[in-house]
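Observations on the three-dimensional arrangement
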Amino acid sequence: PREFPVGATKSNLVESVRDPGHCPPAPPPDNHQIPSHHASRPSRVEPPCFLHRHTQPPVLGDVNEMARVAILYATCGGMGDVGKFVALHALNHPNVTPTIVAVSFASTEGTGLGEPVDITNAALRETVTAKLAAADVIQVDIGADGAEAALAAACANTDAVVACLGNRQEENMGRLFGIPGYPTRWCELGARKTMAAMATAGVSRLVQLSSFGIGDDYTPLSGLKVFWRLLLNTAGRSMRRDLINMEAAVTASDSIDYALVRALGLTPDRDPTGQVKVLRSSDDGNVDMSVAKSDIAQFMLDEALAPTVHRAAVTVGHPPPETQ
């Protein structure tokens with residue numbers, strides 16, 4: 001059976017579909033107040049476990065009010081690809097004014113808008129490339145002395161920040177196969193400068209991309225989970241350390257209302273389905289082991305516009321095939 005969020009209004013247009021096989025009863029609405037200059041705007045309240053099915057764009061406050069969202073994306077890697085899709089969804093949203101920031105470690109990754117998104121759907125890839133090329137995109141070198149000030153200027157007068165920074169590529173594999181410029185570890189550096197920039201700009205809502213396998217991701221034991229954890233603790237140790245430190249930089253703040261989005265495998269060949277499953281505890285069942293970058297991006301934008309995750313981490317992926 002379908003249930004809309006507790007306290008749903010005309011401004012909350014993202015549908016949640018309860019997963020009756022795994023979801024405990026929905027809790028009463030929490031009264032968490034977002035500490036921002038738009039604290040009167042409503043939060044969505046979701047069941048602990050739900051299928052997030054995007055139907056219509058959520059709108060904050062009055063239906064004619066424009067939401068202002070800063071979108072920070074890495075120019076290289078799959079995490080940055082998610083950020084490029086967030087930018088696409090925001091540019092297509094009738095009630096969002098996005099500030100789009102392409103972030104790179106210029107000494108090793110260069111500058112510019114970045115490579116096209118790494119997906120096999122050529123038409124969708126070209127759409128993202130064309131939209132970003134036509135947009136007003138700010139470029140920031142995260143390794144530069146002025147990066148924090150540049151990010152603060154980009155975040156000024158916005159309602160929320162969506163950050164998809166750094167990468168999960170393994171640097172030793174890059175060296176082994178001769179991939180130029182791959183990668184500089186800067187998830188933690190990006191998070192620290194983002195947090196400082198948000199404090200300067202007076203913005204308190206952050207939706208931050210992280211990764212499956214970091215912290216308690218709530219997924220059941222599986223062969224892929226064992227393999228991924230083994231990789232993170234051997235060849236991927238620098239990646240794991242960087243992601244853990246990134247999350248620590250976010251959670252250390254007392255003033256930021258953050259949502260850490262731990263995405264499953266961001267594989268190039270998954271086409272968008274328009275829905276994801278969100279795990280908030282180990283009782284919430286399972287998710288598929290790969291997910292479309294576009295669907296993670298849509299969830300992150302929706303969380304920026306009408307929050308349900310407050311100062312917490314969730315694991316997000318496609319629902320298992322039997323529940324789709």
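Details of the structure are given in the entry above.
Overview of the structure. (Residues numbered from 1 in each chain as written. Predicted model: local features only at pLDDT ≥ 70, side-chain atom pairs only at ≥ 80, totals over all residues. Heavy atoms only, no water.)

**A few points about the nonpolar core**
Soluble globular proteins tend to bury their nonpolar side chains together. Within the largest apolar cluster, 78 residues are counted, with the highest numbers of intra-cluster contacts made by Val 82, Val 86, Leu 209, Ile 296 and Met 300. Those residues in contact with Met 300, other than ones at most four positions away along the chain, are Val 82, Val 86, Val 162, Ala 163, Cys 164, Val 207, Gln 208, Leu 209 and Val 261. (Core = buried A, V, L, I, M, F, W, Y, C linked by side-chain atoms within 4.5 Å. Buried < 20%, exposed > 50% of the residue type's maximum accessible area, 1.4 Å probe, protein only. Contact = heavy atoms within 4.5 Å.)

**With respect to helix H9 (residues 293–305)**
Compared with the 18 Å implied by 1.5 Å per residue over 13 residues, the 19 Å span of H9 between its first and last C-alpha is a close match. Most of H9 is tucked away, with 13 of its 13 residues classed as buried. (Helix = DSSP H or I, 4+ residues; strand = E, 2+ residues; numbered from the N terminus. Expected span 1.5 Å × (residues − 1).)

**A look at the pairing of strand E3 (residues 67–74)**
Within E3, 7 of the 8 residues are buried, which leaves the element mostly enclosed by the surrounding structure. Each parallel crossover has a hand, and for E3 linked through helix H1 (residues 78–92) to strand E4 (residues 96–104) it is right-handed. Of the strand pairs in this sheet, E3 and strand E6 (residues 160–164) are connected by 5 bridges, and their pairing is parallel. Across the sheet, residue Leu 72 finds its bridge partner in E6, namely Ala 163. (Right-handed = clockwise from strand over helix to strand, strands pointing away. Pairing = 2+ DSSP bridges.)

**Describing empty space enclosed by the protein**
Taken as a whole and assessed by the stated rule, the structure comprises 3 cavities of 30 Å³ or more. There is about 60 Å³ of room inside the second largest cavity. A breakdown of the residues in the lining of the second largest cavity according to their chemical character gives 6 nonpolar, 4 polar and 3 charged. (1 Å grid on protein atoms, 1.4 Å probe; cavity = no way out; pocket = protein on both sides within 12 Å on 5 of 7 lines; lining within 4 Å. Points joined across faces, edges and corners; volume = space filled by probe spheres on them. Nonpolar A, V, L, I, M, F, W, Y, C, P; charged D, E, K, R; others polar.)

**Things to note about the packing of helix H4 (residues 147–155) against helix H6 (residues 187–201)**
Relative orientation of the contacting elements H4 and H6 amounts to 50°, with a least axis distance of 8 Å. By the angle between their directions, the pair H4 and H6 is classed as oblique. For the pair H4 and H6, the crossing hand works out as right-handed. Within the contact between the two elements, H4 uses Ala 147, Glu 148, Leu 151, Ala 152 and Cys 155 and H6 uses Lys 193, Thr 194, Ala 196, Ala 197, Thr 200 and Ala 201. (Axes fitted to C-alpha atoms, helices over the stretch in contact; angles between N-to-C directions. Parallel < 35°, antiparallel > 145°, perpendicular 65-115°, else oblique. Left-handed = near helix turned anticlockwise from the far one by under 90°.)

**Regarding helix H3 (residues 122–134)**
Here H3 spans 18 Å end to end across 13 residues, near enough to the 18 Å set by a 1.5 Å rise per residue. If you check the start of H3, you find a side-chain oxygen 3.3 Å away from the backbone N of Ala 123, and it comes from Asn 121. (Polar contact = N/O pair within 3.5 Å; in protein donor to acceptor, adjacent residues only side chain to side chain.)

**Brief notes about the side chain of Ser 210**
Topologically, Ser 210 is positioned in strand E7 (residues 205–211). Here Ser 210 falls in the buried class, since its relative accessible area comes to 1%. Separated by 2.6 Å, the side chains of Ser 210 and Glu 247 make a polar contact.

**Brief notes about the pattern of salt bridges**
Enumeration according to the criterion identifies 8 salt bridges in this entry. One salt bridge connects Asp 81 with Lys 293, and the closest N-O pair in it is separated by 2.7 Å. Within this pair, whereas Asp 81 is found in helix H1, its partner Lys 293 is found in helix H9, the two being separated by 212 residues in sequence. Both residues of the pair, Asp 81 and Lys 293, belong to the buried class. A salt bridge links Asp 288 to Arg 270; its shortest N-O distance comes to 3.2 Å. You can see Asp 288 sitting in the loop between strand E10 (275–279) and strand E11 (290–291) and its partner Arg 270 sitting in the loop between strand E9 (265–266) and E10, a full 18 residues away along the chain. (Salt bridge = Lys/Arg side-chain N within 4 Å of Asp/Glu carboxyl O.)

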